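# Tertiary structure, described
Chain by chain, the residues run as shown.
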Amino acid sequence: MTIEFETPKPIAQQQYVLKTVADNMMRPHSRYFDENEHEIPWDYINFMHQAMKASGAGSLAPKEEKKGDTASKKPKHPPIGYQMLAHMLEIISWGDAGMYLVTPGGGLGAAAVQAAGNLEQKKKFLARFTGDKPTFAAMCMTESGSGSDTSSIRATAVLDEATNEWVLNGEKIFVTAGDKALVEREETGKGFIVVWATIDPEAGRAGMRSFIIEAGTPGAKVEKLEHKLGIRASDTATIVLQDCRVPFDHILGKPTVEKTTKGFKGAMATFDATRPLVAAIGMGVARSALEFLKEKLAEEGVEIRYGVARNRLTSIERDVIDMEVMLRSAWLMVLKAVWMADNKKHNALEASMSKVKAGDVGIKITQKAVEIMGPLGYSREFLLEKWFRDAKITDIYEGTGQINRLVVARNLLGYRGSQLR
Ligand SMILES: Cc1cc2nc3c(=O)[nH]c(=O)nc-3n(C[C@H](O)[C@H](O)[C@H](O)COP(=O)(O)OP(=O)(O)OC[C@H]3O[C@@H](n4cnc5c(N)ncnc54)[C@H](O)[C@@H]3O)c2cc1C
């Protein structure tokens, strides 16, 4: 199998549409939603919901196969679902990464259902994003004592055999889109959160399973919203679970009380799929900063002379060229990781590599752009200082830079998690 470097046609068509969205629906409102944290950009949300519904992009549920339908088994084109997503996320995040995170649709919650759910669950929960109203899902793994070490979660799920329901207790913090997914609103459809909990605190990873809690379920409450450094248009919630009851079949995967490491593996499979996408979001932010810098330099008559020997270039020219190299190399790593995901190749190594690289590059590029722009880079007159603040998150969520480096090292050296931590 070969990797094509030319952008597939369906992706190129989407890019054009999304650039228009980014230019008109996002950039003009970036500053407002940065300064008015926790205000919800309904115009953008409703527009995106309608657009995704019309284009079919919001449809996540598995397609029903008709009997004897051999054509549906043989795809006409090589699979490009994750590649398409990476390109889309990069462009929308070029528009505004915080606003991207409030784009309606499944987000991380749906990714968890895709990775760990059974067919019935996928049909039931992934079908709801194409309804009349924008609908959200979120993923709740992190707790105050358990972030990087996901196997140490303390939220519990106990089966009440009398009612055949799971009873969940615990507190989840820093849940992206947690408020929109869990709180019932007139403006939104019925969302859900995926909560990772243990069915046996003594069993470590083997006790870890994930559960669907639908919006409005008694016992699940948004306790607070964070005030953040960057991506301030995105809500980041603390969710408290107090005797929260969900039906037995809301446990993702095989509905069973059996202890296996499948639940933990489901979580890791979610990360393999989502880390390159998170990297793509960071790439969009980095590209915004680099393009803006080049535009401003051009306005001042500073030309970047490509192809000239390095010792003849000015310091600014060298910096800009280095930034371009960083951006492109990181993007190639993202493309490889999503291409592997599309072609069902094990991509844990490449997914983490792309996330590490995108986290580093995003911070370096935005910081350098602020530095070269001098006081104007620090001023709120331009969005550059915002992109500098937005960039850091790529290095934190979905596994920090350090944790993804550990994953890379384990994969390269053939160590297990317990052998290299
Ligand atoms: C804006 C935002 C949105 C988020 N969204 C979500 C979400 O939707 N769902 C969700 O579940 N979580 C979410 N998170 C949480 C995020 O995934 C965690 O913050 C992250 O995994 C780090 O965990 P922690 O905060 O507990 O840090 P810790 O694990 O306490 O780490 C603190 C520092 O120590 C380093 N460190 C830890 N262990 C090691 C090690 N073994 N070797 C080297 N260094 C190490 C880390 O890299 C980090 O720098 C979000 C966080 C933020 C800020």
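In this report, the structure presented in the accompanying data block is examined.

Criteria and cut-off values
Residues numbered from 1 in each chain as written. Predicted model: local features only at pLDDT ≥ 70, side-chain atom pairs only at ≥ 80, totals over all residues. Heavy atoms only, no water. Near = heavy atom within 4 Å. Polar contact = N/O pair within 3.5 Å; in protein donor to acceptor, adjacent residues only side chain to side chain. Areas by Shrake-Rupley, 256 points an atom, 1.4 Å probe, with all protein chains shown as cover. Phe/Tyr/Trp six-rings, centres within 6.5 Å; stacked < 30°, edge-to-face > 60°. Helix = DSSP H or I, 4+ residues; strand = E, 2+ residues; numbered from the N terminus. Buried < 20%, exposed > 50% of the residue type's maximum accessible area, 1.4 Å probe, protein only. Lys NZ or Arg CZ within 6 Å of the ring centre and 35° of its normal. Core = buried A, V, L, I, M, F, W, Y, C linked by side-chain atoms within 4.5 Å. Contact = heavy atoms within 4.5 Å. Salt bridge = Lys/Arg side-chain N within 4 Å of Asp/Glu carboxyl O. Patch = residues over 30% accessible without salt bridge, like charges linked within 9 Å, V, L, I, M, F, W, Y side chains within 5 Å. 1 Å grid on protein atoms, 1.4 Å probe; cavity = no way out; pocket = protein on both sides within 12 Å on 5 of 7 lines; lining within 4 Å. Points joined across faces, edges and corners; volume = space filled by probe spheres on them. Nonpolar A, V, L, I, M, F, W, Y, C, P; charged D, E, K, R; others polar. Disulfide = S-S within 2.5 Å. Axes fitted to C-alpha atoms, helices over the stretch in contact; angles between N-to-C directions. Parallel < 35°, antiparallel > 145°, perpendicular 65-115°, else oblique. Left-handed = near helix turned anticlockwise from the far one by under 90°.

Here the focus is the site of the ligand. In the vicinity of the ligand, 22 residues are found, and the nearest of them are T142, S148, F174, T176 and T400. Separating a nitrogen atom of the ligand from a backbone N or O atom of F174 is a distance of 2.9 Å. The separation between an oxygen atom of the ligand and a polar side-chain atom of Q402 is 2.8 Å. Summarising the interface, the protein chains cover 66% of the accessible area of the ligand, which totals 970 Å² for the free molecule.

What follows covers the packing of aromatic side chains. Counted by the stated rule, this structure contains seven aromatic pairs. Measuring from ring centre to ring centre gives 6.0 Å for F129 and F192, while their planes differ by 55 degrees; the resulting arrangement is tilted. Taken together, the residues span a long stretch of sequence, with F129 in the loop between α6 (119–126) and β1 (137–140) and F192 in strand β4 (residues 192–198) at a distance of 63 residues. Side by side, F129 and F192 carry an identical accessibility label, which is buried. One aromatic cluster is present, formed by F125, F129 and F192 through successive ring pairs. The positively charged end of R27 is found above the aromatic ring belonging to W94, 3.9 Å away from the centroid.

One turn of the α-helix equals 3.6 residues, which is why residues spaced by three or four share an orientation. Judged by how many residues are buried, helix α12 (residues 384–391) sits mostly within the fold: seven of eight residues are covered. Residues of α12 that are buried: L384, E385, K386, W387, R389, D390 and A391.

Ranked by size, the top nonpolar core spans 89 residues in total, and within it Y44, W166, L168, I193, I213 and I365 carry the most contacts. The dominant element in this core, judged by the number of residues it contributes, is helix α8 (residues 262–299), at 13 residues. Every residue in contact with I365, bar those within four places of it in the chain, is listed here: A286, A289, L290, M323, M326 and L327. Listed in part, the 20 residues of the second largest apolar core include V113, A116, M208 and F264.

A few words on the pattern of salt bridges. With the rule as written, the count across this model stands at 30 salt bridges. Note that D34 is salt-bridged to R389, the shortest N-O span being 2.7 Å. In this pair, D34 sits in helix α2 (residues 30–35) while R389 sits in helix α12, placing the two residues 355 residues apart along the sequence. By the burial criterion, D34 is buried, and R389 matches it. Where E37 meets R232, a salt bridge forms, and the shortest distance between an N and an O atom there is 3.0 Å. Of this pair, E37 sits in the loop between α2 and α3 (42–55) while R232 sits in the loop between β6 (220–225) and β7 (236–247), and the two are 195 residues apart along the sequence. By sharing partners, the salt bridges in this structure join R31, D34, E385 and R389 into a single network.

A contiguous nonpolar surface patch, about 300 Å² in accessible area, is contributed by I3, F5 and L332. Note that F5 resides in the segment before α1 (9–26).

Turning our attention to unusual backbone geometry. Phi at N164 is positive, roughly 60 degrees, even though this residue is not glycine. In this model, F174 sits at a positive phi of 55 degrees, which is unusual for a non-glycine residue. One can find F174 in strand β3 (residues 165–176).

So, on to empty space enclosed by the protein. Over the atoms a probe the size of a water molecule is rolled, and this reveals where empty space is left. This structure, assessed with the given rule, holds one cavity of 30 Å³ or more. Along the walls of the largest cavity sit H49, M52, G58, P104, G105 and F129, which together make up its complete lining. Residue composition of the lining of the largest cavity, grouped by class: three nonpolar, three polar and no charged.

Here we take up the state of the cysteines. In this structure the tally under the stated criterion is zero disulfides. With no disulfide of its own, C140 has C244 as its nearest cysteine by sulfur position, at a separation of 11 Å. Given the relative accessible area of 0%, C140 is considered buried. A relative accessible area of 0% places C244 in the buried class.

In this section: the environment of Q83. Tracing the chain through its elements places Q83 in helix α4 (residues 81–100). Residue Q83 is classed as buried on the basis of its relative accessible area, which comes to 10%. Other than its neighbours up to four places away in sequence, Q83 contacts I11, V338, W339 and D342. In this structure the side chain of Q83 is engaged in a polar contact, spanning 2.8 Å, whose partner is the side chain of D342.

Another point: the packing of α1 against α3. In contact at an axis separation of 11 Å, α1 and α3 are set at 160 degrees when each is read in the N-to-C sense. On the basis of their axis angle, the class for α1 and α3 is roughly antiparallel. Once α1 is placed against α3, the crossing between them reads as right-handed. On the side of α1, the interface is formed by L18, V21, M25 and M26, while α3 contributes D43, Y44, F47 and M48. Tallied by class, the residues present in the contact of α1 with α3 amount to seven nonpolar, no polar and one charged.

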